[in-house]
Amino acid sequence: GVNPDLASERQTASFSVEKLTAWLDGGAEQTRLRRAVVEAIERDPVFSRENQYFQSQNERYEAAVRKAVHLQKKMHEMGWSHEGPESKYIYRAVAGDIAFLLHRVFMRSISVLGSDEQIAKWIPLASQYQLIGSYAQTELGHGTYLQGLETTAVFDVATQEFILNTPKISAMKWWPGDMGRSATHTVVFAQLYVHGKCYGIHPFIVQIRSLQDHSLCPGIIAGDIGPKMNFEHIDNGYLMLQNVRVPRENMLNKFCEVQPDGTYVRRGSQKINYFTMTSVRISLISGEAVTPLMKACTIAIRYSAVRRQSQLKPGEQEAKILDYQTQQEKLLPQLAAAYAFHLIDDYLQELFDRGYREIQRKNFDTLPELHALSSGFKAMVTQYCTSGVEICLRACGGHGYSLLSGLPSLYTKIIASCIYEGENTILLLQTARFLVKSFMAASTGQSVPPSVTYLAAAKSRKCPAKNKSDFLSPAIYTEAYQHMAVRLISSTAAKLQDLIQSGVKKHDAWNRCTVQLAQAAKAHCHYITVKNFAETVEKLESKAGIQKIMKHLCDLFALHGIFSNTGVFLHDGYISGAQMDMVTASYLDLLAIIRKDAVPLVDAFDFTDKSLNSALGCYDGQVYQRLYEWARKSPTNKQISPAYEKYLKPLLHNTLSKL
Amino acid sequence: RRKTMMNADLRRERAAATFQPELLTHILDGGAERTRRRKEIEALVLNDPDFQHEDLNFLSRSQRYEQAIRKSSLMVMKLREYGIADPEEIYWFKSFVHRGRPEPLDLHLGMFLPTLLTQATPEQQDRFFMPAWNLEIIGTYAQTEMGHGTHLRGLETTATYDPATQEFILNSPTVTSIKWWPGGLGKTSNHAIVLAQLYTQGQCKGLHAFIVPIRQLGTHEPLPGITVGDIGPKFGYDEMDNGYLKMDNFRIPRENMLMKYAQVEPDGTYVKPLSDKLTYGTMVFIRSLIVGDSARSLSRACTIAIRYSAVRHQSELKPGEPEPQILDYQTQQYKLFPLLATAYAFHFVGAYIKDTYRRISGDINEGDLSELPELHALTAGLKAFTSWTANAGIEECRMACGGHGYSRCSGIPDIYVTFTPSCTYEGENTVMMLQTARFLVKSYTQVSSGQRVTGMVSYLNDLSSQRIQPQHVAARTVTVRINDPVSLVEAYKARAARLVEAAAKNLQAELKQRKSKEDAWNRTSVDLVRASEAHCHYVVVKLFTAKLSEISNAAVRAVLTELCLLYALYGISKNTGDFLQASILTDAQITQVNQRVKELLAIIRRNAVALVDSFDFHDVHLGSVLGRYDGNVYENMFEWAKKSPLNKTEVHVSFHKHLKPMQAKL
C-alpha cells in the first residue's frame, strides 16, 4: 500500500493531476501515446535498469549495446520509426541508457553535409546497421574553437585520395561517443590541404574498424578514454590516424568539393551549419536538462513528505521535513523552475519550427536570433537545472548520497550538459554578442528581432509596487526583470564603447567586459523565461484548477529570482529596500501555499517507478523498506569478499601480535 | 626522463612569480620545521613499495575496498614502527597512504578508540582498549538510523535491562530503526558502539552507548541475532563499507554499557551523569577538522584547475595570434581566482579554530566551560559555511577544466565525491546554520536587554547605539574604503549586524502572532540562515585580514593582501543586495567594487601558478593528470586512457555477443 504520509498529500490536491499531466504532454492523446511506449519498453526485461547501480563500466557498456541492438528489434515489432511520434518517448523510456546515440549524429551529419550521392550510399548502410558510425570533432587539445583543430587531410592527386594524420598528441580525437569500442566508421573533422594550401576544417568519412572481425584498420589507433563521472555505458573514445587514406568521395561535399585535379570549389551557404547547432542545443534542453530536474524534484519532494525529523510542535510526532521552511526554500523553487523551463522549451520549439519554415524558403533572417536564443538558453537552463538537481540531492540528507536514491547518477549525468554542445560560458558570450549588437541597433532606431525589441522600449525608473501583494502581479515583476536586463545590457555595452573609445583594442575590451557580458546574457534569458511563464499562465483561463497553481509557481519562480539576486534589482534603486522586504515576505508566503500541492505537482510529471529507479522516490513512498531490500541485493553482500581471508583475518589474528 | 621536461608554459609562469612559494608553504604548515616534517612523512609513505597500487579509477568497488583494507592494516603497523604518535602527524601519514580518501578503519581509529578513552570505565578499558589498539577488536560507531539522523532523541533502537540475567537486550524494533551508514560496519568491524534508548525498571532513560559484539571472532560470521551488511554503492566512498545493523533480542552483559558517566546498577537502578556539555568538545573538534578539510579539498581542486588553465590553449584573444592560455580569459580568472582566495581564507580559519580549540580545551579540562558555547556555535556555522562554499567551488574548478574535467583522470570528480558528504555528516549544514543563528539571536536578545556580549558577536553591542544615532548608519556609507581590508571587515560587520537584527525582529513579530515558539522559529528560518551566513562570512574576512599583519616577508604579505582584498570584494559583489539595502555601500561604490574585482584578477594572474604551488601537493597525492606539476598533460592522458578496463582486449566481447549477430540479421 501507499505510505499514509504520501497518501494524505494526494487527497488535498487543489487541481486534477491527470489534467495537468495532459497539459504538460500537449494533450491527452500524447499522454496516452507516451504511456503506451513507456509501458512497452518497461515490460521488456532487456531494458531493465534494476542492477544498474551495481554494474562495472564493462557491464554497463555491454548492457547499453545489448539494449541498442534489442531496440531495433523492438521498434520493428511495434511499428515505431525514428521519425514517428513515438521516438521522443522511446528515449525518455530507456532513460538515455543506451548505446549508438552518436550513430544518429553520424547519420544526421551525412544527411546535412553530404551530397545526394553520398546520402544514397551511406544512409541505407547506416540505417541497416551494416556499419556503426560516430562523429569525431573534439581533440585532446581542442574543443570549442574549431579553427584550432590540428588533424590534417592532405589531398594526393596521384591516387585521388586524402591522407589523414594526427600530427601530434594534442591532435588526437578525444571524447566522441561510441568510438572507443563500437564504431566501424566515423566522420572526422580535419584541416584540408590541397597543393600545400590549407582550406580549413572539413568532414571526412573514415573507416576505423574491420567490418569482418571488428579489429582496427591499418593506421588506426583507437580505444576507450577511461572512466568518467558518469556515462559509463558509453564508450567515449580516442582516435589516432597515421597516414590513413580515404577516397576523394569520402569528403562530405554538399558545400565544398575537391575536384580530381585538386581544384577547390565552394557552393551554397554554410549558414545551415549554424542551424544544425541550433537544433541540437534546443533539442537537448528538454531531455537532458529539464527531465532530470523533474525527476530529482519528484524524488526529493516525495521523500521529504515521508521523512520525519525533529519536532515542530513539542509533544507531537516528528515533523515531515517538507514542513520546514528551509526545506521548502530549497525544493519548491526547483519545482517552479522545472515548470518554467518546460514552458521555455515549448517556446523555443515553436520559434525553431517557424525559423525552419523560413529557412526552407531560403530566408535566413531569423537565424541570428535563433542562434542567440538557443545558445543562451542552453547555457542558462543546463546550469540552472544542474544546480537544481544538486540541491535536491543535498536536500535528502545522508540517503541522497546512496546511489540507490537515483540522485547521484542524475547529477553526474546532467553536469555534462554544461559542457557538451558548447561550453556554457562561451555560449553566454555568443548570446551577449547578439544582445550588444541588437542594443546598438535599437538605440539608433533600427529594427531588431522580436525577442529584443524591449531593449528600445521606454522604461519607468521605479517599481510601482506599494505592498507585498503587488509583487504577485506578473506585470510588476516582469517589468522588474525587463528593467534589470536592459540595465545590464546597456551598461555593459556602454562600458565596451568607453574602453574602445579610450584606445583599448576591440578584442581586449571585449575580454575585459566578459564577466559582465555573461551576466547580461543570463539576465536576458531569465527575463524571457519569466515573461513566457506569465504569458502562458494568462492563456490558461479555461482550465481553472491548473491556472491557479501555475500562477503560484510562476510567481514563485519570478520572486525566487529576485530574492536570490537582490543586488541587481536594488542597484539603481528600481526596487527600493522597503520593496525588497515585500518581495521576501511574498516569496516566503508562497512557499507555504505551494507546499500543499507539492506532491501532486511532482506526480503530474508522471514518471514511472522504473524510470525514476530510486529507492527514495517511488510512488508508494515505502522508502525504508525498499532501501533495505535494495541494499541487501548489493553484490558486496552476496559475494564473499576476498579481503577477509587475505587481509582482515591476518590483521585480526596474527600480524599485529608482533607489535 | 619525462620528469625533467617541464611544460614551457608552466616554467614561464613559475619564473614570473613575485614571491617564493616555499615561504608561503611554511606559513600554511605553521612553520618551516612543520613543512620539513610533513615532507619527511610524505616521503616515508610515497617511497614505500608496500603502499603502491594500480590507479584506483580502474578498480571495482570491491577491489578498492580490498586495497584500502590492505593499506590500512599496514598503516597501523608502520605508524607504530616509526613511533608516529602526534595527531597531526598521524593525519598526514594517513592522508598520504590513502591519498585523501576515506578508509575502512576511519571509524575504528577516529571514533571507537577515542570513545573508549573518554566514556569507558577503567575496567572497560582493560577489557576493550588493548585488544582494540591491537586490532583484535575492530569497532565502529553506530548512531545514525535509517529513519533518523540529526534529531538524536528520535532514535528508535532500544536497550532494555534484564536484571534477572544482568544483561541488556538490544532490539531494532522497526525498519526505520536499522542502523544505517556507519563506516566500517558493512564488512570490516567485529564490534560496534551502539547508541540506543535505555529502558530500565520500565522507564526510558534516553540515549546511551553500548559495546556490542557483532561478528564471531575467528570466522567473522555475524553473531546470532545480528543482521549486518553493506548499504550498497554510493556517490564516492567506494573504499568504505558503510553498513547496516539490525538487532533482534541480542543480549550483552551489563558491563558492556559505557558507564564512565551514566550507570545502571545490577538491580536496574539508573545513576544519572553529571554534565553532558563535555560531548560538545568532540563535536567542536570534528567540525574544526571539516573546516580544514574544506580548505584542503578546495586547494587541491584549485591546483588542478589553475595549472591546467596555464597549459591549455584555446580560441583566440587577439586576431591572428596563437591560441592563448585559457588562464588569460577574464571569465576563467573570475571562476578560479576567487576560489583560490577562498582556499587561503579557509586555511587560516581552520588554523584559527584549531588553535582556539587547543587553547580552551585546556580550560575545559580545568572545568572552565565558559568559552565553549560560543566556539560551539561558531564552528557549527563555519562548518556549514566552508563546506558549502568548498563543495560548490570544487565543482566550479571541474567545470573550468571543460570536458577533461569530467574524466576521472582529472582527479576532481574524486575530490568532489569524497568531499561533498561533509555538507551532511557531522551535522546537516542547514541545521548547523540554525544552531549558529540560535546563538546569534540569543546574543541579540541579551544586547537588547542592556547586557553586553563578547567575542565574535561583540559587534551586536553597537546596534543599540545605532538606533539612538541614525546618522551613524548614514555615515558608514562614505567610510568604507574598498582598498583597505580593515575597512571591508567593518562593512561585513555592518551587514551581519543588520541581518541578525532583521531576523531577530522577524522572529519577534512571528512570536507576537501567538504562534508556538517552534512554529515562529520555523517561519523565520530562511532569514535566520541568511543571518548566520553573513556572520560566518564576516568572521572569515576578519580572520583573513588579521592574518596579514602576522606575515613578515613583504613579498608574501603583498600577494596575500591581494588575495584577501579579492576575497572580501568578491563576496560583496556576489551579495550586493545586502550591502545596498542596508546602505552600507552606494550604487557608485558597488560599481567600483565590481571594477576593482576585475583589476585584482589581472594582478593575481601572474602569481596564480605559484600560489597553487605553495599548497605543495605531491603529484601522487593530487592524483590528477591535468594538475601534474610538470604540466605534461596530454601525453599522460593518453597513457592513462590506455589502461582503461574497456581497453583490456582490442575487440570487446560485446562485438561477438551483440553487434555481429545484429548485423547478420538486418
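All figures in this text were calculated on a predicted structure; none of them were measured in a lab.

Secondary structure summary: chain B contains 24 helices and 11 strands in total. Against the globule reference of 26 Å for 666 residues, chain B gives a C-alpha radius of gyration of 27 Å, in line with a compact fold. Taking the principal axes of the C-alpha coordinates as reference, chain B spans close to 85 × 85 × 65 Å. Buried positions account for 61% of the 666 residues belonging to chain B.

Right, let's talk about the overall build of chain A for a bit. For chain A, the helix and strand inventory stands at 23 helices and 11 strands. Its C-alpha atoms give chain A principal-axis dimensions of about 90 × 80 × 65 Å. By residue count, 63% of the 659 residues in chain A fall in the buried class. A sequence separation of at least 24 residues applies to 72% of the contacts in chain A between residues at least 6 apart. Of the roughly 24,900 Å² of accessible surface on chain A, 53% is carried by carbon and sulfur atoms. Side chains of chain A carry 72 positive and 62 negative charges; the gap between the two charge centres is 3 Å.

Moving on, we come to the UniProt feature "domain: Acyl-CoA oxidase C-alpha1" (unreviewed entry) in chain A. On the UniProt side, "domain: Acyl-CoA oxidase C-alpha1" (unreviewed entry) is annotated at positions that read residues 274-436 of chain A here. Between the C-alpha atoms that bound residues 274-436 of chain A there is a distance of 20 Å. The span itself is 72% helix and 0% strand.

Accessible area lost during the coming together of the parts is what is often quoted as the interface size. Across the contact, 128 residues belong to chain A and 125 residues belong to chain B. Considering only the surface of chain A that becomes buried against chain B, A:Arg181, A:Met229 and A:Tyr401 emerge as the three largest contributors, covering 7% of it. Here chain A is connected to chain B by five salt bridges. Along the contact surface separating chain A from chain B lie 57 residue pairs in polar contact (both at pLDDT 80 or more). With 10 residues, helix α23 (residues 642-653) of chain A is the largest single contributor of residues to the side of chain A that touches chain B. Broken down by class, the residue content of the side of chain A that touches chain B amounts to 56 nonpolar, 46 polar and 26 charged.

For the rest of this paragraph, the subject is the packing of aromatic side chains. Residues and elements named next belong to chain A. As enumerated under the stated definition, the model contains 41 aromatic pairs over all chains in all. Between the aromatic rings of Phe 275 and Phe 352, the centroid separation amounts to 4.9 Å while the plane-to-plane angle is 10 degrees, which identifies the pairing as stacked. Taken together, the residues Phe 275 in helix α8 (residues 271-306) and Phe 352 in helix α9 (residues 325-360) connect sequence positions 77 residues apart. Under the relative-accessibility criterion, Phe 275 is labelled buried at 6%.

We now examine the sheet that holds strand β8 (residues 237-241) of chain A. Pairing in this open sheet of three strands is antiparallel, and the strands run β4-β8-β7 (chain A) from one edge to the other. Strands with a single pairing partner mark the edges of an open sheet, and in this sheet they are β4 (173-174) and β7 (220-224) of chain A. The sheet contact formed by β7(A) and β8(A) spans five bridges and is antiparallel. Across the sheet, the residue bridging to A:Asp224 is A:Gly237, located in β8(A). Here helix α23 (residues 633-642) of chain B sits on the sheet in contact with β4, β7 and β8 of chain A, set at roughly 115 degrees to β8(A).

Let's shift gears to the pattern of salt bridges. Residues and elements named next belong to chain B. With the rule as written, the count across this model stands at 81 salt bridges over all chains. The closest approach of N and O atoms between Asp 29 and Arg 38, which form a salt bridge, is 2.9 Å. The same class applies to Asp 29 as to Arg 38, namely buried. In the salt-bridge network here, residues are joined through shared partners; they are Glu 33, Arg 34, Arg 36, Arg 37, Glu 40, Asp 86, Glu 88, Glu 89 and Lys 354.

Residues and elements named next belong to chain B. Within the element layout of this structure, Ala 310 appears in helix α8 (residues 278-311). Once the C-alpha coordinates of Ala 310 and Ile 226 are considered, the two residues, 84 residues apart in sequence, prove to be 55 Å apart. Once you skip the residues sitting within four places of it in the chain, Ala 310 turns out to touch Asp 9, Leu 10, Glu 13, Gln 325, Leu 327 and Val 609.

All right, on to the nonpolar core then. All names here are of chain A. By size, the foremost hydrophobic cluster in this structure holds 299 residues, and its most contacted members are Tyr 339 and Met 550. Setting aside residues up to four positions removed in sequence, Met 550 forms contacts with Leu 20, Trp 23, Tyr 339, Phe 533, Val 537, Leu 540 and Leu 601. Formed by 40 residues, the second largest nonpolar core is a distinct cluster that contains Leu 131, Val 194, Val 244 and Cys 256.

Here we take up helix α21 (residues 623-633) of chain A. Regarding α21(A), the residues found buried are A:Val623, A:Tyr624, A:Arg626, A:Leu627, A:Tyr628, A:Trp630 and A:Ala631. Tucked into the core, α21(A) has its buried residues touching α8 and α22 (635-638) of chain A together with β4 (179-180), β7 (226-230) and β8 (243-247) of chain B.

Looking now at the UniProt feature "active site" (unreviewed entry) in chain A. Residues and elements named next belong to chain A. Under the UniProt annotation, the feature "active site" (unreviewed entry) is placed at Glu 421. By secondary structure assignment, the location of Glu 421 is in the loop between α11 (407-414) and α12 (424-443). Apart from the residues lying within four places of it in its own chain, the contact partners of Glu 421 are Val 280, Arg 281, Leu 284, Lys 378 and Leu 427.

Reading guide: rules and limits
- Residues numbered from 1 in each chain as written.
- Chains lettered and ligands numbered in written order.
- Predicted model: local features only at pLDDT ≥ 70, side-chain atom pairs only at ≥ 80, totals over all residues.
- Heavy atoms only, no water.
- Helix = DSSP H or I, 4+ residues; strand = E, 2+ residues; numbered from the N terminus.
- Rg over C-alpha atoms; globule rule 2.2 N^0.38 Å.
- Buried < 20%, exposed > 50% of the residue type's maximum accessible area, 1.4 Å probe, protein only.
- Contact = heavy atoms within 4.5 Å.
- Areas by Shrake-Rupley, 256 points an atom, 1.4 Å probe, with all protein chains shown as cover.
- Lys, Arg positive; Asp, Glu negative; His and termini not counted.
- Charge placed at Lys NZ, Arg CZ, Asp CG, Glu CD.
- UniProt positions renumbered as here; feature names shortened; annotations may be inferred.
- Buried area = accessible area lost by both parts, 1.4 Å probe.
- Salt bridge = Lys/Arg side-chain N within 4 Å of Asp/Glu carboxyl O.
- Polar contact = N/O pair within 3.5 Å; in protein donor to acceptor, adjacent residues only side chain to side chain.
- Nonpolar A, V, L, I, M, F, W, Y, C, P; charged D, E, K, R; others polar.
- Phe/Tyr/Trp six-rings, centres within 6.5 Å; stacked < 30°, edge-to-face > 60°.
- Pairing = 2+ DSSP bridges.
- Axes fitted to C-alpha atoms, helices over the stretch in contact; angles between N-to-C directions.
- Core = buried A, V, L, I, M, F, W, Y, C linked by side-chain atoms within 4.5 Å.

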